[in-house]
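Read off the chains here:
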Amino acid sequence: MPHRSQVNLVDVASLDTLAAAFWQASRGKRLRDDVQCFEANLDQELARLRDAILLGQAPRGEWLSFRISDPKPRRILAPCFRDRVLHHALMAHMAPVLERGLVDDTFACRPGKGTLAAVRRAQQHVRRFPWFVKADMRAYFASIDHAVLRGVLHRRFKDPGLLALCDRILERTPDPPGRGLPIGALTSQHFANAYLDGLDRFLLETLRVRGLVRYMDDVVWWCDSRETARDTLAAARAFVAHERGLELKSDASIGRSAYGLSFLGFRIRAGTLRLSLRRRRRYTAARARWERAFAEGRVDAPGLQVGYAAALGITAHAAAAAWRRAELLRRPPLDA
């Protein structure tokens, strides 16, 4: 059983922690009315938040709802700014403990990790092992069982006040009672990452797969044969259903590493990284969006150059120069 942390509610509610959490939560949002209102009476607001935490009255449970399409439609629920500060304060103490409990080949929401590191690690495995299994969860965030998540947190933390605060955060989400984490909350990212750590360990320690890369609920593992890949996929499907109340999507795939792997926006081959169709479409849409803004007079030439640089960043790290040249021939730039 993992060592349980000494983190407690008093640590989270300290004014030093809350002040640091305010600056983290306000980064890039200083011009918003709710942030400016909070900052105008910062000492009093932090003291009130501290008291609410210690008295068991936080969080407020107020949420802002909006939708994005990146690449598929998603409903984002963001906590009100006061609760956002609370989440940052909580994760300042909980996140390092949750981080230490993860296997090294989990790459989402972790310092020094990220998408590119996950892709590079997957490329290493593609070079070494002949078969892979790629899977992800159906409606992952919406399917997380609060009772199971509480069990995960209780194995890491022991302070009753801290665990009670986590319970209130779960209870005051707008999802159906007992299930689901809102995409858009800092706590959700870390809780969801820890929720599947059991699957990582099951694959690595029980099934003894040859290699593993997980990015939140997108997971790939490697085997020595097609038969082993099929067996481990069936075992993983049963594990997440029984132990986590989740369902693997029906399009989970088994493939030869020699033929390449599509993962996190890249087509991964042993010797090269190429852009996936999704990432190519993102580049084309971003370029068109900035050119349209320039044509309509909403940005000037330097602004258009900044936009081009942002679009170009979508193709970074992939062998995409030849594709970009062909794309420019098909759709010449405005000044051509």
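Since this is a predicted model, take the numbers as computed values, not measurements.

**Things to note about the packing of helix α4 (residues 42–54) against helix α5 (residues 81–100)**
Stage number 1. Put simply, α4 and α5 touch, their axes get as near as 11 Å, and they point 65 degrees apart. By the criterion of interaxial angle, the relationship of α4 to α5 is roughly perpendicular. Where α4 crosses over α5, the handedness of that crossing is right-handed. Contact residues: α4 offers Glu 45, Arg 48, Leu 49, Ala 52 and Ile 53, while α5 offers Arg 82, Val 85 and Leu 86.
Stage number 2. For the contact of α4 with α5, the per-class residue count stands at 5 nonpolar, no polar and 3 charged.

**Some words on the sheet that holds strand β8 (residues 266–268)**
Stage number 1. The antiparallel open sheet is built from 3 strands, whose spatial order is β7-β8-β9. Strands with a single pairing partner mark the edges of an open sheet, and in this sheet they are β7 (261–263) and β9 (273–275). This sheet shows a mean twist of 30 degrees between the axes of neighbouring strands, independent of strand direction.
Stage number 2. Pairing of β7 with β8 involves 3 bridges; the strand directions are antiparallel. In the strand pairing of β8, Leu 261 is matched with Ile 268.

**Focus on the environment of Asp 217**
Stage number 1. Mapped onto the secondary structure, Asp 217 falls in the loop between β4 (211–215) and β5 (218–223).
Stage number 2. Sequence-wise, Asp 217 and Met 94 are 123 residues apart; in three dimensions their C-alpha atoms are separated by 21 Å.
Stage number 3. Contact partners of Asp 217, with chain neighbours within four places excluded, come to Ala 135, Asp 136, Met 137, Tyr 140 and Leu 196.
Stage number 4. Among the polar contacts listed, one links the side chain of Asp 217 to the backbone nitrogen of Met 137, at a separation of 3.4 Å.

**What about the packing of aromatic side chains?**
Stage number 1. Scanning all chains against the criterion turns up 8 aromatic pairs.
Stage number 2. Residues Phe 38 and Phe 81 carry aromatic rings whose centres are separated by 5.3 Å and whose planes lie at 80 degrees to one another, so their mutual orientation is edge-to-face. Separated by 43 residues along the polypeptide, Phe 38 in helix α3 (residues 33–40) and Phe 81 in helix α5 bring together distant segments of the chain. Here Phe 38 matches Phe 81 in class, with each residue buried.
Stage number 3. Where Tyr 140 meets Phe 141, the ring centres are 5.6 Å apart and the plane angle is 80 degrees; that geometry is what we call edge-to-face.
Stage number 4. Among the aromatic residues, ring-to-ring pairing joins Phe 22, Trp 23, Phe 38 and Phe 81 into one connected group.

**As for the environment of Ile 53**
Stage number 1. Within the secondary structure, Ile 53 sits in helix α4.
Stage number 2. Judged by relative accessible area, which is 0%, Ile 53 ranks as buried.
Stage number 3. A C-alpha to C-alpha distance of 48 Å links Ile 53 and Leu 273, two positions 220 residues apart in sequence.
Stage number 4. Excluding residues that lie within four positions of it along the chain, Ile 53 makes contacts with Leu 9, Ala 13, Leu 18, Ala 58, Leu 86, Leu 165 and Arg 168.

**Side note on the side chain of Arg 110**
Stage number 1. On the secondary structure map, Arg 110 appears in the loop between α5 and α6 (115–128).
Stage number 2. For Arg 110, a relative accessible area of 10% corresponds to the buried category.
Stage number 3. Polar side-chain contacts of Arg 110 include one of 2.9 Å to the side chain of Glu 99.
Stage number 4. The residues contacting Arg 110, other than those within four sequence positions of it, are Glu 99, Leu 102, Val 103, Asp 104 and Asn 193.

**Quick look at the pairing of β5**
Stage number 1. Within β5, 5 of the 6 residues are buried, which leaves the element mostly enclosed by the surrounding structure.
Stage number 2. Judged from the 5 bridges that link them, strand β3 (residues 131–135) and β5 form a sheet pairing that is antiparallel. Bridge pairing links Val 133 to Trp 221 in β5.
Stage number 3. Counted between consecutive antiparallel strands, the loop separating β4 from β5 contains 2 residues, among which Met 216 sits at a positive phi close to 55 degrees.

Cut-offs applied
Residues numbered from 1 in each chain as written. Predicted model: local features only at pLDDT ≥ 70, side-chain atom pairs only at ≥ 80, totals over all residues. Heavy atoms only, no water. Axes fitted to C-alpha atoms, helices over the stretch in contact; angles between N-to-C directions. Helix = DSSP H or I, 4+ residues; strand = E, 2+ residues; numbered from the N terminus. Parallel < 35°, antiparallel > 145°, perpendicular 65-115°, else oblique. Left-handed = near helix turned anticlockwise from the far one by under 90°. Contact = heavy atoms within 4.5 Å. Nonpolar A, V, L, I, M, F, W, Y, C, P; charged D, E, K, R; others polar. Pairing = 2+ DSSP bridges. Polar contact = N/O pair within 3.5 Å; in protein donor to acceptor, adjacent residues only side chain to side chain. Phe/Tyr/Trp six-rings, centres within 6.5 Å; stacked < 30°, edge-to-face > 60°. Buried < 20%, exposed > 50% of the residue type's maximum accessible area, 1.4 Å probe, protein only.

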